Amino acid sequence: MLFTHPVCLQHDTGDYHPECADRIKAVLAALESEEFMMLLRDEAPHATMEQLMRAHPLSHIDYVLDSVPTSDGHHHLDPDTILSRYSGEAALRSAGAGIAAVDAVAKGEVRNSFCAVRPPGHHAERDNAMGFCFFNNAAIAALHAREVYGYKRVAIVDIDVHHGNGTQHILWDEKGMLYASTHQEHAYPNTGLADETGGEGIMVNVPLPAGTGSDDYRMAFTDILLPRLREFAPDFLIISAGFDAHAADPLAHLRLTTADFGWVTRQLLQVAEETAGNRVVSLLEGGYDLRALAASAREHVRALMGV
Ligand SMILES: [Zn+2]
């Protein structure tokens, strides 16, 4: 099932910002072809305060929403993290997409869901908006799966080229939560060292050198990340689906191909089949070369649909 909302296109980050509305247009256009005719689609609802507050204090939520301009123009929370008139609603619906996706999967309406939304979430810490992110969509979805449906071992696997410092920050001491990430070492936001292993929550960080290509990437997954994930045996799996590890991406320097995103998705689906009753929710994070983003997201959703 695909969740998105037109307001995600109205989150205006200004001219020349890589995290732009054309990203969602490119992803949705890629999912228009005939092979996606069977893909169910629904509009993302707003996340509620109660749902957001599992991951963020009210002070942070108020700070973000109160910073939204009421007329044209932009408000910078940091040099990269920019709000405009519809950004608050877009952020609420991006988080709400993850909530609705968890609901649909947990209720057995669909096996898995993909959320084509922006702003992304994985850099948003409990009380800090940064790196294009305001609310941590993946962590909010994971905590919703635990609190509402009682899943006891929820895993978030983050394939974005950047480390999800925010997801790690929120889940660090959450028992029954695993966060696993492959990312380019020494890249933004400079977290995610292998020795960051968590408190009550389990953190699995697999930094990869700039220039890493398909073979070494797949080996890191096969040798390190997937065994740790299987050992954890998730009963619900969430994917932070960034596509900026693609070789064409302008913001980072890994060298993945479009096919690698299909491969990694199928590896994660295999784990979900083994221990999580096939329950998978995937949320769009980064990906800034529009053609590579569209092609990679298409591969990802094809794998989710099993086509
Ligand atoms: Zn990224």
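Values in this document were obtained by computation on a predicted structure and should not be read as measured data.

Time to look at the coordination of the zinc ion. Those protein atoms acting as donors to the zinc ion are Asp160 (OD), Asp160 (OD), His162 (ND1) and Asp244 (OD), and they sit at 2.0 to 2.8 Å. The site at the zinc ion holds four donor atoms, and with the angles between them running 52 to 154 degrees, its shape is irregular. Positions of the donor residues of the zinc ion, expressed as sequence spacing, correspond to D-x1-H-x81-D. Both residues of the pair, aspartate 160 and histidine 162, belong to the buried class.

Core analysis: the biggest nonpolar cluster contains 47 residues, and Phe3, Leu52, Phe135, Val154, Phe236, Ile238 and Val281 have the highest contact counts within it. Looking at this core, the elements that each hand over two or more residues are α3 (58-66), α4 (87-106), α5 (137-149), β6 (154-158), α6 (165-171), β7 (177-184), β9 (236-241) and β10 (280-284). Considering each element in turn, this core owes the most residues, ten residues, to α4. Not counting chain neighbours up to four residues away, the residues in contact with phenylalanine 236 comprise Val102, Val105, Ala106, Ala145, Tyr151, Arg153, Val154, Ala155, Ala276, Arg279 and Val281.

Attention now goes to the sheet that holds strand β2 (residues 41-43). Pairing in this open sheet of eight strands is parallel, and the strands run β2-β1-β5-β10-β9-β6-β7-β8 from one edge to the other. Where the open sheet ends on each side, the last strands, each with one partner, are β2 and β8 (202-208). Mean inter-strand twist for the sheet, computed between neighbouring axes without regard to direction, equals 15 degrees. Docked against the sheet, α4 engages β1 (2-4), β5 (112-115), β9 and β10, running at close to 170 degrees with respect to β5. The strands touched by helix α7 (residues 214-232) within the sheet are β6, β7, β8 and β9, with β7 carrying the most contacts at an inclination of about 175 degrees.

Parameters at a glance
Every chain's residues receive numbers from 1 upward, in the order its sequence appears when written. Confidence filtering applies because this is a predicted model: local features only for residues at pLDDT of at least 70, side-chain atom pairs given and counted only at 80 or more, and all residues used for totals across whole chains, interfaces and linings. Processing note: side-chain calculations cover all non-hydrogen atoms of the structure and skip hydrogens and water entirely. Here the coordinating atoms are restricted to nitrogen, oxygen and sulfur within 2.8 Å of the metal centre, or 3.2 Å for Na, K and Ca, and because water is not among them the sites may look incomplete. Tetrahedral means four donors with every angle between 85 and 135 degrees, whereas square planar (four donors) and octahedral (six donors) require angles over 155 degrees between opposite donors and between 65 and 115 for all others; sites fitting neither are termed irregular. Relative accessibility decides the category of a residue: with a 1.4 Å probe and only protein chains considered, values under 20% of the type maximum give buried, values over 50% give exposed, and everything between is partly exposed. Residues belong to one nonpolar core when they are buried, are Ala, Val, Leu, Ile, Met, Phe, Trp, Tyr or Cys, and are joined through side-chain atoms within 4.5 Å. Helix and strand definitions here come from DSSP, where helices need a minimum of 4 consecutive H or I residues and strands a minimum of 2 consecutive E residues; each element is numbered from the N-terminal end. Note on definitions: a residue-residue contact is assigned when non-hydrogen atoms from the two residues lie within 4.5 Å. We call two strands paired when DSSP finds no fewer than two bridges between them. Fitting a line to C-alpha atoms yields each axis, with helices limited to the stretch in contact; the angle taken between N-to-C directions then spans 0 to 180 degrees.

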